[in-house]
Amino acid sequence: MASFEARSRHPNLWPPFTQLATAALPQRIVSGKGSLLYREHGEPLIDAISSWWVTLHGHGHPVMAAAIAEQAHRLEQVIFADFTHEPAERLGERLSVITGLERLFFSDNGSTAVEVALKIACQWWHNQGQPRQQIIAFDGAYHGDTFGAMAVGERNLFSEPFEQKLFPVARVPWPSTWWGDEAVVEKEDAALQVLDQLLETPTAAVILEPLLQGAGGMAMVRPEFVRAVAQRVQDSNVLLIADEVLTGFGRTGDWFACHRAGIQPDLMALSKGLTGGCLPMGVTMASERIFQGFVGQDPALTLWHGHSFTANPLGCAAANASLDLLEANPEAFRGFEQRHKQHLQRLLNHPRVGRIRLTGTVAAFDLNVEGTAGYLNPAGPTVKRIAMEHGVFLRPLGQVVYLLPPLSTSDQQLEQCYGAIEAALAKL
Ligand code: PMP
């Protein structure tokens, strides 16, 4: 018991995704500025993974802080049934324009944004009087930790205790690709064949992470593949759900991965960068056609779903301020890919580096190391420890090392990130 308390540093906290018996002690962060996290003890660290992929404009951004503070003085929270408010309306107008999806439904995080998309898709068919059972997702997917989101995600160590409680999902292979991959077209064709077969069964929805599977190992596919999937889904009159919780708001070099791939989904789940990564909020965008399927005199048509903090005004104010910043300087996300590229090229022939891939602000590669590929590969913690000694916070996914820095990251800081990676590679 004593050792448990010592290891968790605080006897009352239960940290996420952490086995306390073996994890290193967490460090106390006292403040953040730009891409830097300031520790109670030790030098500042570059937050090279945007604190679980959320922090978009950097920590402690004055525009974000001012927008949230101003809103807190005006209206911090109000029930969103019977009432509405200006920050929510403005966000709805803006997101409908940039996503091409007219209706916005609020929730609290990425998992709930996905849950809502799945519930909307299933109930839409139900409301049409043609309920459909099958949902199709991709191998390696991660859509969140609530039950519906877990069901559509890859079944693994994390979901194993709940396996019997998760609804069945049909799976399509994910044809990951990387620099110099010569088998990509073959892999894509094989995946599309599986999809074609599955689409012969009446299907409510296909859900995918467009261009980039995050937790599944920063596994990227070509825009051509995403387009081919969307085409088949739409030709089969099946709903397409884009989980852009990670990829939204510039991460893949365009406003949304769907834009970069050139597709228009029926439903889109957003979170993380939505509020610039400052406050927890999720939204599910839906087309007007989908929305109209829930409108009518019969109460059974209603989407009976909601959360206490629906459309929290602080979150909406943060989201509007974040959109202001993105609109003021789209080059910050559009130009990031080029900045990564020059560094990645240096790693191209490193014997420890394989499968280099890049989209927008996200750069990744696989370590050529012993052991089973996956989240528990021991190379990850080693790279993390060495990078931290070089002032950079990384959190590899097993043998997959990646950078996903905030837009505030300077050239010098990016250089430091790659320097820390090279130092870790030298010691492996
Ligand atoms: N979808 C994707 C693509 C994600 O990357 C994540 C989180 N990493 C989620 C959903 C779940 O979001 P949250 O952790 O906010 O529930």
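In this report, the structure presented in the accompanying data block is examined.

**Here we look at the overall build of the chain**
The number of helices and strands found in the chain is 15 helices and 16 strands. A compact globule built from 428 residues should have a C-alpha radius of gyration of about 22 Å, and the chain, at 22 Å, falls within 12% of that. Considering only C-alpha atoms, the chain reaches an extent of 65 × 55 × 50 Å along its principal axes. The buried share of the chain, reckoned over its 428 residues, is 52%. Looking at the chain alone, contacts between residues at least 24 apart form 70% of all its contacts between residues at least 6 apart. For the chain, the exposed surface amounts to about 19,400 Å²; the carbon and sulfur share of it is 55%.

**Some remarks on the site of the ligand**
The environment of the ligand is formed by W53, N109, G110, S111, Y142, H143, G144, E209, D243, V245, L246 and K272. Here a nitrogen atom of the ligand sits 3.0 Å away from a polar atom, N or O, in the side chain of K272. Surface burial for the ligand is 83%, taken as the share of its 390 Å² of free accessible area covered by protein chains. Within the shell around the ligand, the residues separate by chemical class into four nonpolar, five polar and three charged.

**Structural notes on helix 7 (residues 184–198)**
Owing to its 3.6 residues per turn, the α-helix brings residues three or four apart onto one side. Given a rise of 1.5 Å per residue, 15 residues ought to cover 21 Å, and the 21 Å separating the end C-alpha atoms of helix 7 matches this to within 8%. Turning to helix 7, its buried residues are V184, E188, A191, L192, L195 and L198. Angular distribution of buried residues about the axis of helix 7 spans 115°; they occupy a single face of the element. Opposite its buried face, helix 7 presents the exposed residues E186, Q193 and Q197, each directed more than 90 degrees away. Where helix 7 is buried, its residues contact strand 5 (134–138), strand 6 (170–172), strand 7 (203–208) and helix 8 (223–235).

**Comments concerning the environment of D181**
Along the chain, D181 turns up in the loop between strand 6 and helix 7. Through-space distance from the C-alpha of D181 to that of R355 is 7.9 Å; in sequence the pair is 174 residues apart. Discounting chain neighbours no more than four positions away, the residues touching D181 are S176 and K187.

**Describing the sheet that holds strand 14 (residues 362–367)**
Sheet architecture is open: three strands sit in the order 13-14-16, paired in antiparallel fashion. Pairing within the sheet leaves two strands with one partner each, and these edge strands are strand 13 (353–359) and strand 16 (400–403). The sheet shows a mean angle of 15° between the axes of neighbouring strands, taken without regard to direction. Examined bridge by bridge, strand 14 and strand 16 share four bridges and lie antiparallel to one another. Note that in strand 16 the partner of F365 across the bridge is V401.

**Description of the layout of surface pockets**
As a volume, the second largest pocket reaches approximately 830 Å³. As for the second largest pocket, its lining consists of 30 residues, of which F80, L104, F105, F106 and F291 are closest to the centre. Broken down by secondary-structure element, the contributors of at least two residues to the lining of the second largest pocket are helix 4 (86–99), strand 4 (103–107), strand 12 (282–286) and helix 10 (288–292). Considering every element that reaches the lining of the second largest pocket, the biggest residue donor is strand 4, with four residues. Considered class by class, the residues forming the lining of the second largest pocket number 16 nonpolar, 10 polar and four charged.

**Side note on the environment of Y418**
Positionally, Y418 belongs in helix 15 (residues 411–427). Residue class for Y418 comes out buried when judged on its relative accessible area of 2%. In the structure, Y418 is positioned 335 residues away from F83 in sequence and 49 Å away in space, judged by C-alpha atoms. Contact partners of Y418, with chain neighbours within four places excluded, come to H340, H343, L344, R346, L347, A363 and L403. At a separation of 2.7 Å, a polar atom in the side chain of Y418 contacts the side chain of H340.

About the thresholds
- Residues numbered from 1 in each chain as written.
- Predicted model: local features only at pLDDT ≥ 70, side-chain atom pairs only at ≥ 80, totals over all residues.
- Heavy atoms only, no water.
- Helix = DSSP H or I, 4+ residues; strand = E, 2+ residues; numbered from the N terminus.
- Rg over C-alpha atoms; globule rule 2.2 N^0.38 Å.
- Buried < 20%, exposed > 50% of the residue type's maximum accessible area, 1.4 Å probe, protein only.
- Contact = heavy atoms within 4.5 Å.
- Areas by Shrake-Rupley, 256 points an atom, 1.4 Å probe, with all protein chains shown as cover.
- Near = heavy atom within 4 Å.
- Polar contact = N/O pair within 3.5 Å; in protein donor to acceptor, adjacent residues only side chain to side chain.
- Nonpolar A, V, L, I, M, F, W, Y, C, P; charged D, E, K, R; others polar.
- Expected span 1.5 Å × (residues − 1).
- Arc of directions from axis to C-beta.
- Pairing = 2+ DSSP bridges.
- Axes fitted to C-alpha atoms, helices over the stretch in contact; angles between N-to-C directions.
- 1 Å grid on protein atoms, 1.4 Å probe; cavity = no way out; pocket = protein on both sides within 12 Å on 5 of 7 lines; lining within 4 Å.
- Points joined across faces, edges and corners; volume = space filled by probe spheres on them.

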